Amino acid sequence: MTREIDTDVCVVGGGPAGLVLALLMLRSGARVTVVECARAHQRVFRGEILQPGAMALLDALDVLAGARARGAHEHDRFLVIEGERVLLEADYRLLAAPYDHLLSVPRPHLLDELLARCRRSSGFRYLPGRRAGALLWRERRIAGVIAEGPPGRCAVRARVVVGADGRFSRIRRLAGIGAGRADAFAQDVLWCTLIAPREEPPLRDVRVFRTGGGPVLVYGSWPNRIQIGWTLPHRRYGHLAALGLDHVTERLVRAVPGYATLIRDQIRTPADLGALEVFSARAERWVADGLVLIGDAAHTHSPIGAQGINLAVQDAVVLHPLLARALAEGDTSAERLAEFERRRGPDIAAVMRMQTLQSRAILSQGAFTTRVRPRLARALRHTPLYRKILQRMAYGNPSIRIADAGVCGRI
């Protein structure tokens, strides 16, 4: 039997983009239903670093403090290191307080806090354990989704559907929108999580170690975890895995010898490792009649620079007043919703350009990289340009602010 649900906004995907948008739309008086394939926030998440831009927006939503209270770690700097030498440094302590750091907060802590806030509204429905199996159509426009899963089948009829279901978005596929994939980053990342001794103080820096086997990202994660991401050439992990787990772990030990004991003791099966395919993409369009895509569903990025949550939260904040007004005026056509891409597109293009430059800086070889660039970087640190670059990395578009619910019109 199919359960029938009527709502104003159906958000498919209960990640940061989807839940931030849900909370904002609820504050504007909309009825919101979120369809989420996971039944609980217990699956493994890798991207958990918040940039200052995301922190400021989440703080304005009264979400940040609660997420932090569940457990988080602050990080002062991004460092690119080769041997004993720091090649590049982004020192977040130079930014204005209170957002003068990065914050590593487990994704379940953030999602649980957002969900708790949404549940305070009587207009909110949450449908976990269900996937979008099909789109509902009415007069050649998208008018909802069929949500299917063990808890039961639901027909969610909505005035607008928001696809916030990630880089392999099913909603995007069902709507016939191309992913726009571009393999600008010919790398993959092999992830593992290590448990550090409790007496060991947490790492205060996010570090990238340049090694002959590929750069390795290392940062501390709450409560006493160490996240390690080893950058490999695209599709190279399959060749390494064929040589056996011991070969892989010893290669990783050579890359970050300081963690040799933890790696050998804790990486015992292939399941202790996870491979992430790295690519960038920008969907061929972000809207259709009755539909808008946000977050990774609209644009996918490399993990370089920890921009994922920042972009997701900002997408929701930019879309909120546009969508609220569109609903208030009864117009959710593609033409009307396309204003979102027109406003947000230049920011996304700028981040993609920045990540390309960052990737080249991390992967490049030669005397310029190892000798000249560190000296230039140290000199740059004392100039206004350094702070300008740092501010751009931390905040993206500084003009993005949460709109007052009262100015969006009556939904």
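Residues numbered from 1 in each chain as written. Predicted model: local features only at pLDDT ≥ 70, side-chain atom pairs only at ≥ 80, totals over all residues. Heavy atoms only, no water.

Novice: Describe the overall build of the chain, naming the residues involved and giving the relevant values.
Specialist: For the chain, the count of helices and strands is 13 helices and 21 strands. For the chain, the C-alpha radius of gyration of 22 Å lies close to 22 Å, the compact-globule estimate for 411 residues. Once the C-alpha set of the chain is aligned to its principal axes, its extents read approximately 60 × 50 × 40 Å. Here the chain, with 411 residues, has 54% of them falling under the buried criterion. Across the chain, the centroid of the 59 positively charged side chains sits 2 Å from that of the 40 negatively charged ones. (Helix = DSSP H or I, 4+ residues; strand = E, 2+ residues; numbered from the N terminus. Rg over C-alpha atoms; globule rule 2.2 N^0.38 Å. Buried < 20%, exposed > 50% of the residue type's maximum accessible area, 1.4 Å probe, protein only. Lys, Arg positive; Asp, Glu negative; His and termini not counted. Charge placed at Lys NZ, Arg CZ, Asp CG, Glu CD.)

Novice: Give me the sheet that holds strand E15 (residues 216-221): which residues, what numbers.
Specialist: Taken in spatial order, the seven strands make up an open sheet running E6-E5-E14-E15-E16-E13-E17, and their pairing is mixed. Two strands close off the open sheet at either side, each with one partner strand: strand E6 (85-91) and strand E17 (274-277). Direction aside, the axes of adjacent strands within the sheet are offset by 20° on average. Sheet strands touched by helix H7 (residues 245-255): strand E13 (187-195), E15 and strand E16 (225-233). Its angle to E16, the strand with the most contacts, is close to 105°. (Pairing = 2+ DSSP bridges. Axes fitted to C-alpha atoms, helices over the stretch in contact; angles between N-to-C directions. Contact = heavy atoms within 4.5 Å.)

Novice: Talk me through the pattern of salt bridges; I want residue IDs and the actual numbers.
Specialist: Under the defined criterion, the tally for this structure stands at 21 salt bridges. Two residues, Glu74 and Arg204, come together in a salt bridge whose shortest N-O distance is 3.8 Å. Residue Glu74 is located in strand E4 (residues 73-75), and its partner Arg204 is located in the loop between E13 and strand E14 (205-209); the two are separated by 130 residues in the primary sequence. Given the relative accessible area of 25%, Glu74 is considered partly exposed. Judged by relative accessible area, which is 39%, Arg204 ranks as partly exposed. Arg336 is the salt-bridge partner of Glu329, the closest N and O atoms lying 2.8 Å from each other. Relative accessible area serves as the criterion here: at 25%, Arg336 is assigned to the partly exposed category. The network of salt bridges with shared partners includes Arg68, Glu74, Asp76 and Arg204. (Salt bridge = Lys/Arg side-chain N within 4 Å of Asp/Glu carboxyl O.)

Novice: Please provide a residue-by-residue account of the packing of aromatic side chains, values included.
Specialist: Tallied over the full model, the rule gives three aromatic pairs. Ring plane angle 20° and centroid distance 6.3 Å describe the contact between Phe124 and Tyr126, whose orientation is recorded as stacked. This pair shows no difference in class: Phe124 is buried, exactly as Tyr126 is. (Phe/Tyr/Trp six-rings, centres within 6.5 Å; stacked < 30°, edge-to-face > 60°.)

Novice: Break down the environment of Arg401 for me, citing the residues and quoting the values.
Specialist: Here Arg401 lies in the segment after helix H13 (384-395). Distance from Arg401 to Gly13, taken between C-alpha atoms, is 23 Å for residues 388 residues apart in sequence. Sequence-distant contacts of Arg401, that is, excluding residues within four places in its chain, are made with Leu57 and Val317. A distance of 2.5 Å separates a polar atom in the side chain of Arg401 from the backbone oxygen of Pro398. (Polar contact = N/O pair within 3.5 Å; in protein donor to acceptor, adjacent residues only side chain to side chain.)

Novice: Any details on the side chain of Gln314? Residues and values, ideally.
Specialist: Secondary-structure assignment places Gln314 in helix H9 (residues 308-328). Judged by relative accessible area, which is 3%, Gln314 ranks as buried.

Novice: Can you explain the pairing of strand E5 (residues 77-82)? Please cite residues and give values.
Specialist: Judged from the six bridges that link them, E5 and E6 form a sheet pairing that is antiparallel. Its bridge partner lying in E6, Arg77 is registered against Asp91. Hairpin geometry of E5 and E6 is characterised by an intervening segment of two residues between the two adjacent antiparallel strands and by a positive phi of about 65° at Gly83. Sheet analysis places E5 next to E14, joined by five bridges and oriented parallel. Counted as the bridge partner of Leu79 is Arg207 from E14.

Novice: Describe H7, naming the residues involved and giving the relevant values.
Specialist: Listed as buried for H7 are Val248, Thr249, Leu252, Val253 and Ala255. Around the axis of H7, the buried residues are gathered within 160° of arc, so they sit on the same side. Residues of H7 that are exposed and angled more than 90 degrees away from the buried face: Asp246 and Arg254. The inward-facing, buried residues of H7 contact E13, E15, E16, helix H6 (237-241) and helix H8 (260-266). (Arc of directions from axis to C-beta.)

Novice: So what's going on with the sheet that holds strand E18 (residues 280-282)? Residues and values would help.
Specialist: Sheets are built from strands that pair by backbone hydrogen bonding, the pairs being arranged parallel or antiparallel. As summarised here, the arrangement of the three strands in space is E12-E18-E21, forming an open sheet in which the pairing is antiparallel. Of all the strands in the sheet, just strand E12 (181-182) and strand E21 (299-300) have a single pairing partner and so form its edges. Bridging between E12 and E18 involves two bridges; their strand directions are antiparallel. Bridge pairing in E18 places Arg181 opposite Ala281.

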